[in-house]
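Listed below are the residues making up each chain.
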Amino acid sequence: QKEVEQNSGPLSVPEGAIASLNCTYSDRGSQSFFWYRQYSGKSPELIMSIYSNGDKEDGRFTAQLNKASQYVSLLIRDSQPSDSATYLCAVNMMGYQKVTFGTGTKLQVIP
Amino acid sequence: ETGVTQTPRHLVMGMTNKKSLKCEQHLGHNAMYWYKQSAKKPLELMFVYNFKEQTENNSVPSRFSPECPNSSHLFLHLHTLQPEDSALYLCASSQGPGAGVVETQYFGPGTRLLVL
């Protein structure tokens, strides 16, 4: 079983729609969760971090965490073509430096 | 700009060459990392340095040799690489252990390496 699992996509959504990106993880001790955005040929850029169960909102982005189900998601409201990128889910244990990344989900926002 | 810079941005080298990748962070962080990103594979952690001391080597072949002269600079020395080492090499930094906060990592732009 992969430690951090994401659907590779591509996930295609029309402009203005909500994009929903999902991630599951295997280590129940994980306490910190991150979403990074990576444009083609560029480095990962941190979008959101979440540590507690529930929702965390930042602008058009909402991260959702359910530790019981070992599931974390990212919702992008009012999707824009500029949101087209690969979204990486990453997890680690609080206080540890080894962050485990998923392979990423490629999002395509169709104008 | 994340405050982490890397040079060169692109590198082509033969299998017998020796080259070095450089990373510099301007964030006042105490931890620095090297990652490898290959197509269709997750980011792979290679090395971790805290306060310029290596604290993790993730079973990386000896043809990759890291060096951390201080908390702001990190190098990756490359020697007799193989074509399968072609990848994007990313440097990252974070506040470091004992900072009392979650170790959010900030990435540099990466070096795209091609080994012929």
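Going by the structure above, here's the rest.
The text that follows walks through the structure, step by step, so that each part is easy to find. (Residues numbered from 1 in each chain as written. Chains lettered and ligands numbered in written order. Predicted model: local features only at pLDDT ≥ 70, side-chain atom pairs only at ≥ 80, totals over all residues. Heavy atoms only, no water.)

### Considering the side chain of Ser93 of chain B
Inference 1: With respect to the helices and strands, Ser93 of chain B occurs in strand S9 (residues 87-94).
Inference 2: Of note is the side chain of Ser93 of chain B, whose polar atom sits 2.8 Å from the side chain of His29 of chain B. (Helix = DSSP H or I, 4+ residues; strand = E, 2+ residues; numbered from the N terminus. Polar contact = N/O pair within 3.5 Å; in protein donor to acceptor, adjacent residues only side chain to side chain.)

### A few points about the sheet that holds strand S7 (residues 64-70) of chain B
Picture the strands of a sheet paired through backbone hydrogen bonds; they go either parallel or antiparallel.
All names here are of chain B.
Inference 1: Spatially, four strands are ordered S1-S3-S8-S7 in an open sheet, and the strand pairing comes out antiparallel. In this open sheet, the two strands that pair with only one neighbour each are strand S1 (4-7) and S7. On average, each strand axis in the sheet is tilted by 20° relative to the strand beside it, whichever way the strands run.
Inference 2: As paired elements, S1 and strand S3 (residues 18-25) share four bridges and run antiparallel to each other. Pairing of Thr5 across the sheet is with Glu24, part of S3. (Pairing = 2+ DSSP bridges. Axes fitted to C-alpha atoms, helices over the stretch in contact; angles between N-to-C directions.)

### Observations concerning the sheet that holds strand S7 (residues 61-66) of chain A
Residue and element names in this part refer to chain A.
Inference 1: Pairing in this open sheet of five strands is antiparallel, and the strands run S1-S3-S8-S7-S6 from one edge to the other. Only two strands of the sheet have a single neighbouring strand rather than two, namely strand S1 (4-5) and strand S6 (54-58).
Inference 2: Examined bridge by bridge, strand S3 (residues 19-25) and strand S8 (residues 71-76) share six bridges and lie antiparallel to one another. Looking at S8, one finds that Thr24 is bridged to Tyr71.

### Examining the state of the cysteines
Inference 1: If you walk through the whole model with that rule in mind, you get two disulfides over all chains.
Inference 2: One disulfide in the model links Cys23 of chain A with Cys89 of chain A; its S-S distance is 2.1 Å. Across the S-S bond linking Cys23 of chain A and Cys89 of chain A, the dihedral sits near -75°, which makes this disulfide left-handed. You can see Cys23 of chain A sitting in strand S3 and its partner Cys89 of chain A sitting in strand S9 (residues 85-92), a full 66 residues away along the chain. For the residue pair Cys23 of chain A and Cys89 of chain A, the accessibility class agrees, reading buried in each case.
Inference 3: Its sulfur unpaired, Cys68 of chain B is 9.0 Å from the next cysteine sulfur, which belongs to Cys91 of chain B.
Inference 4: Note on Cys68 of chain B: relative accessible area 10%, which makes it buried. (Disulfide = S-S within 2.5 Å. Buried < 20%, exposed > 50% of the residue type's maximum accessible area, 1.4 Å probe, protein only.)

### Observations regarding the interface of chain A and chain B
Inference 1: Facing 20 residues of chain A, the contacting portion of chain B comprises 28 residues.
Inference 2: Carbon and sulfur atoms supply 58% of the area that chain A and chain B bury against each other, a total of about 1600 Å² over both sides.
Inference 3: Sorting the residues of chain A by area buried against chain B places Gln97, Lys98 and Phe101 of chain A first, and these three jointly supply 35% of that buried surface.
Inference 4: Summed over the shared surface of chain A and chain B, the result is zero salt bridges.
Inference 5: Where chain A meets chain B, there are three residue pairs in polar contact (both at pLDDT 80 or more).
Inference 6: Counting residues per element, the ones that place at least two in the side of chain A that touches chain B are strand S4 (32-38) and S9 of chain A. (Contact = heavy atoms within 4.5 Å. Buried area = accessible area lost by both parts, 1.4 Å probe. Salt bridge = Lys/Arg side-chain N within 4 Å of Asp/Glu carboxyl O.)

### Structural notes on the side chain of Ser79 of chain A
All names here are of chain A.
Inference 1: Among the secondary structure elements, Ser79 is positioned in the loop between S8 and S9.
Inference 2: Relative accessible area serves as the criterion here: at 0%, Ser79 is assigned to the buried category.
Inference 3: Separated by 2.9 Å, the side chain of Ser79 and the backbone oxygen of Ala17 make a polar contact.
Inference 4: When sequence neighbours within four positions are dropped, the list of residues in contact with Ser79 reads Val13, Pro14, Glu15, Gly16, Ala17, Ile18, Ala19, Arg60 and Val109.

### Some remarks on a nonpolar patch on the surface
Inference 1: A cluster of nonpolar side chains, Val12, Leu114 and Leu116 of chain B, forms an exposed patch at the surface whose accessible area comes to about 290 Å².
Inference 2: By secondary structure assignment, the location of Leu114 of chain B is in strand S11 (residues 111-115). (Patch = residues over 30% accessible without salt bridge, like charges linked within 9 Å, V, L, I, M, F, W, Y side chains within 5 Å. Areas by Shrake-Rupley, 256 points an atom, 1.4 Å probe, with all protein chains shown as cover.)

Remember, this is a structural readout, not a statement about activity or role.
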